[in-house]
Amino acid sequence: VLANDSLQKNALLFRSIILFEKDKKQSVRDLSNLILVNPLNLMARYLRGILLTEIKKFDQAFADFQKVINSTSVDDNQFMGKQTWVDKKIDIQNVGAYTLT
């Protein structure tokens, strides 16, 4: 598919996942192209952040993780008094925001 359309979203994602362990640099290139085509794809940013961390490009990885954390932010006022999935997401958000600070 990528031979015919080098920016096909699903093919870029699948090739990146397949090459995740074998060829990290190609996987990063595929995820970067996917992010260029679809900038709102947070999964691609998260996966690219993991790969960049593994190849010791921490500044670029931090930027990806920061974008993911800021894009999935949840307001603390949504707390319902019990630990729902929204509350767990709020806790994770707060930990991420604290780490970034």
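Treat the numbers as computed from the prediction; the structure is a model and nothing was measured.

Novice: Explain the nonpolar core here, please?
Specialist: Across soluble globular proteins, nonpolar side chains have a tendency to be buried as a group. Counting 12 residues, the largest nonpolar core consists of Leu12, Leu13, Phe20, Val28, Leu31, Leu34, Ile35, Ala44, Leu47, Leu51, Leu52 and Ala61. Secondary structure elements with two or more residues in this core: α1 (9-18), α2 (24-37) and α3 (42-54). Setting aside residues up to four positions removed in sequence, Leu51 forms contacts with Phe20, Lys24, Ser27, Val28 and Leu31.

Novice: I'm lost on the side chain of Ser16 in this one. Help?
Specialist: With respect to the helices and strands, Ser16 occurs in helix α1. According to the relative accessible area criterion, Ser16 is buried, its value standing at 1%. Once residues lying within four places of it in the same chain are set aside, the contact partners of Ser16 are Ser27, Asp30 and Leu31.

Novice: Whenever I open this one, a nonpolar patch on the surface confuses me. Can you help?
Specialist: Together, Leu7, Leu36 and Val37 make up an exposed nonpolar region whose accessible area comes to about 270 Å². Mapped onto the fold, Val37 is located in helix α2.

Novice: Would you take a moment to explain the environment of Ile90 for this structure?
Specialist: Structurally, Ile90 is set in helix α5 (residues 85-100). Sequence-wise, Ile90 and Thr72 are 18 residues apart; in three dimensions their C-alpha atoms are separated by 9.4 Å.

Novice: Explain the pattern of salt bridges here, please?
Specialist: Two side chains with opposite charge may pair up if their charged atoms get near one another. Evaluated as defined, the whole model comprises five salt bridges. Ionic pairing is found between Arg45 and Asp64, a salt bridge with its closest N-O pair at 3.5 Å. In this pair, Arg45 sits in helix α3 while Asp64 sits in helix α4 (residues 58-71), placing the two residues 19 residues apart along the sequence. Assigned by exposure class, Arg45 and Asp64 land together as buried.

What counts and how
- Residues numbered from 1 in each chain as written.
- Predicted model: local features only at pLDDT ≥ 70, side-chain atom pairs only at ≥ 80, totals over all residues.
- Heavy atoms only, no water.
- Core = buried A, V, L, I, M, F, W, Y, C linked by side-chain atoms within 4.5 Å.
- Buried < 20%, exposed > 50% of the residue type's maximum accessible area, 1.4 Å probe, protein only.
- Helix = DSSP H or I, 4+ residues; strand = E, 2+ residues; numbered from the N terminus.
- Contact = heavy atoms within 4.5 Å.
- Patch = residues over 30% accessible without salt bridge, like charges linked within 9 Å, V, L, I, M, F, W, Y side chains within 5 Å.
- Areas by Shrake-Rupley, 256 points an atom, 1.4 Å probe, with all protein chains shown as cover.
- Salt bridge = Lys/Arg side-chain N within 4 Å of Asp/Glu carboxyl O.

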